[in-house]
Amino acid sequence: MPDSLIHPDLRFHSYGTYLRRRFGCRVSKVNVDGGFTCPNRDGTRGTGGCIYCDNASFSPGGTVAEKPIELQMTEGMAYHRHRLGSEKFIVYFQKFTNTYAPVDRLRDLYTRALAHPEVVGISVGTRPDSLSDEAMDLLADLAKRHYVCIELGLQSMDDAILQQIGRGHTLAEYLDAVGRIAGRGIDLCTHLIYGFPGETREGFLRTADLIAGLPVNSVKLHQLHAVKGTRLAELYHRGEFVPITHEEYVATACDFLELLPSRIAIQRLFGSAPLAIRVAPTWDLKNNQMWYSIVNELKRRGTWQGCRLTGACLKAGNL
Ligand code: SF4
């Protein structure tokens, strides 16, 4: 690859490689449930949540708020140590909106996570409308001594889609949050989804241009999928949500990567839900098959992350 940030086999800048470069060893993220709620569910911004939201679908079993985070961390670390040989850990506050609480409670949870000798940092999943000045000051202070990443849900840059899916925030609020995070020593990861009803590939790919112009360090992307008990599942059963095909998703994910600067690490390229609650799409692929379908398509095209920005794909006659 022409760029040292790009993994030669994967053809993109993987977050795993980023962490290894930064910390000099294998680092895994360990999910914890800090017992938060979400302003898009408790009535502050909305009550129904996003149409696809069912937190059970993206929280591994065992991270229940009733358990102290220390216990959740111990269990998660043991799993990753045994399975992957991980030496250090980032505690990922994942479930619901993990800055949506009084700052004293945030300080207590974050500092307890960072107190573990094998924990190098925290990653905090949140919404653009839920970053108070106090929470920002706390995270910026912790970032002076630890790795701190804010994972900000944007999902779509199209306000019409954000409204249609009940996100309860706008693109302008996302941009405002990015501006407030910038320059404070905090990493920023943006969450995106492709496949919303009425969304076009061209429309989605404009997101790569947007992200390329922002101080975003990493991205998580996944296909829109419906799980049991969500409004999206109801739409699917009524024929009002038609999931994209696996081929369409892979092609678009590769186009997206080709347009994304290599400095941005890729944390995720697809989503999965437990079989018991999965409604649609049903691609019947294991996680590694999903991952490698994108890697293999880049290989087939002879392209890599960011190659369209330098014209390298075009020069090579690959597109
Ligand atoms: S912002 Fe997250 S937690 Fe809140 S309703 Fe949407 S998907 Fe669910």
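Model, not experiment: these values are computed from the prediction.

Q: Help me understand the overall build of the protein chain, please; the structure alone is not making it clear to me.
A: Across its full length, the protein chain carries twelve helices and nine strands. Compactness check: the protein chain gives a C-alpha radius of gyration of 19 Å against a globular reference of 20 Å for 319 residues, within 12% of the reference. Per-residue burial for the protein chain yields a buried fraction of 55% across its 319 residues. Within the protein chain, contacts between residues separated by at least 24 positions form 81% of all contacts whose residues are at least 6 apart in sequence. Counting only carbon and sulfur atoms, one obtains 52% of the accessible surface of the protein chain, whose full area is about 13,800 Å². On the protein chain, the mean spot of the 37 positive side-chain charges and the mean spot of the 34 negative ones are 5 Å from each other.

Q: Can you help me understand the packing of aromatic side chains in this one?
A: Aromatic ring pairs are defined here through the distance separating the ring centres and the angle between the ring planes. Applying the stated criterion across every chain yields a total of nine aromatic pairs. Geometrically, the ring pair formed by Phe12 and Trp291 is edge-to-face, given 5.3 Å between the ring centres and 80° between the ring planes. Linking Phe12 in the segment before helix 1 (15-23) with Trp291 in helix 10 (residues 287-301), this pair joins segments that are 279 residues apart in sequence. Exposure class is identical for Phe12 and Trp291. Each is buried. Here Tyr15 and Tyr18 contribute two aromatic rings whose centre-to-centre distance is 5.7 Å and whose plane-to-plane angle is 15°, an arrangement assigned as stacked. Residue Tyr15 and its partner Tyr18 are both found in helix 1; the two are separated by three residues, about one turn of the helix. Residue classification places Tyr15 among the buried positions, given a relative accessible area of 6%. Residue Tyr18 is classed as buried on the basis of its relative accessible area of 14%. Within the aromatic cluster, the residues linked to one another by ring pairs are Tyr194, Phe204 and Phe256. We note Lys29 situated over the ring of Tyr92; from NZ or CZ to the ring centre the distance is 4.2 Å.

Q: I'm lost on helix 9 (residues 246-259) in this one. Help?
A: Counting along an α-helix, one turn takes 3.6 residues, and residues three or four places apart therefore face a common direction. For helix 9, spanning 14 residues, the distance from its first C-alpha to its last is 20 Å, which sits close to the expected 20 Å at 1.5 Å a residue. Three or more residues of helix 9 are buried, namely His246, Tyr249, Val250, Ala251, Thr252, Ala253, Cys254, Asp255, Phe256, Leu257, Glu258 and Leu259. As for helix 9, its buried residues are in contact with strand 5 (187-194), helix 7 (201-212), strand 6 (218-223), strand 8 (265-268), helix 10 and helix 11 (307-310).

Q: For this particular structure, what's the right way to read the packing of helix 2 (residues 69-84) against helix 3 (residues 103-114)?
A: When two helices pack together, you describe them by how their axes are tilted relative to each other and by the distance separating the axes. One can describe the packing of helix 2 onto helix 3 by two numbers: an axis separation of 10 Å at closest approach and a directional angle of 35°. Seen along the crossing, helix 2 lies across helix 3 with a hand that is right-handed. In contact with Ile69, Glu70 and Met73 of helix 2, helix 3 contributes Leu109, Arg112 and Ala113. In the contact of helix 2 with helix 3, the residues fall into four nonpolar, no polar and two charged.

Q: Sorry if this is basic, but what is going on with the packing of helix 3 against helix 4 (residues 133-142) here?
A: Two elements in contact, helix 3 and helix 4, have axes separated by 10 Å at closest approach and are oriented at 20°. One element, helix 3, and the other, helix 4, form an angle in the roughly parallel class. The way helix 3 lies across helix 4 gives a crossing that is right-handed. Contacts between helix 3 and helix 4 involve Val103, Leu106, Arg107, Tyr110, Thr111 and Leu114 from the first element and Glu134, Ala135, Leu138, Leu139 and Leu142 from the second. Of the residues contributing to the contact of helix 3 with helix 4, the split by class is eight nonpolar, one polar and two charged.

Q: Just checking my understanding: could you explain the pairing of strand 5 for this structure?
A: Across a regular strand the side chains alternate sides, sitting on one face of the sheet and then on the other. Burial analysis of strand 5 places eight of its eight residues in the buried class, the great majority of the element. Side chains Asp187, Cys189, His191 and Ile193 project from strand 5 onto one buried face, and the interleaved Leu188, Thr190, Leu192 and Tyr194 project onto a second face that is buried too. Sheet analysis places strand 5 next to strand 6, joined by six bridges and oriented parallel. By the bridge assignment for strand 6, Tyr194 is matched with Gln223. You can see the chain leave strand 5, run along helix 7 and come back into strand 6, and the turn it takes is right-handed.

Q: What is the right way to look at the confidence of the model for the protein chain in this model?
A: If pLDDT is low for a region, its predicted coordinates should not be looked at in detail. Looking at the protein chain, pLDDT values average 93 and 94% of them are 70 or higher. When the criterion is pLDDT under 50, residues 57-63 qualifies, and its contacts beyond four places in sequence or with other chains add up to 17 contacts.

Q: What's the story with the site of the ligand in this structure? I'm lost.
A: Taken together, eleven residues surround the ligand, and among them Cys38, Gly49, Cys50, Cys53 and Arg127 come closest. Residue classes in the shell around the ligand are distributed as five nonpolar, three polar and three charged.

Rules behind the numbers
Residues numbered from 1 in each chain as written. Predicted model: local features only at pLDDT ≥ 70, side-chain atom pairs only at ≥ 80, totals over all residues. Heavy atoms only, no water. Helix = DSSP H or I, 4+ residues; strand = E, 2+ residues; numbered from the N terminus. Rg over C-alpha atoms; globule rule 2.2 N^0.38 Å. Buried < 20%, exposed > 50% of the residue type's maximum accessible area, 1.4 Å probe, protein only. Contact = heavy atoms within 4.5 Å. Areas by Shrake-Rupley, 256 points an atom, 1.4 Å probe, with all protein chains shown as cover. Lys, Arg positive; Asp, Glu negative; His and termini not counted. Charge placed at Lys NZ, Arg CZ, Asp CG, Glu CD. Phe/Tyr/Trp six-rings, centres within 6.5 Å; stacked < 30°, edge-to-face > 60°. Lys NZ or Arg CZ within 6 Å of the ring centre and 35° of its normal. Expected span 1.5 Å × (residues − 1). Axes fitted to C-alpha atoms, helices over the stretch in contact; angles between N-to-C directions. Left-handed = near helix turned anticlockwise from the far one by under 90°. Nonpolar A, V, L, I, M, F, W, Y, C, P; charged D, E, K, R; others polar. Parallel < 35°, antiparallel > 145°, perpendicular 65-115°, else oblique. Pairing = 2+ DSSP bridges. Right-handed = clockwise from strand over helix to strand, strands pointing away. pLDDT = per-residue confidence, 0-100. Near = heavy atom within 4 Å.

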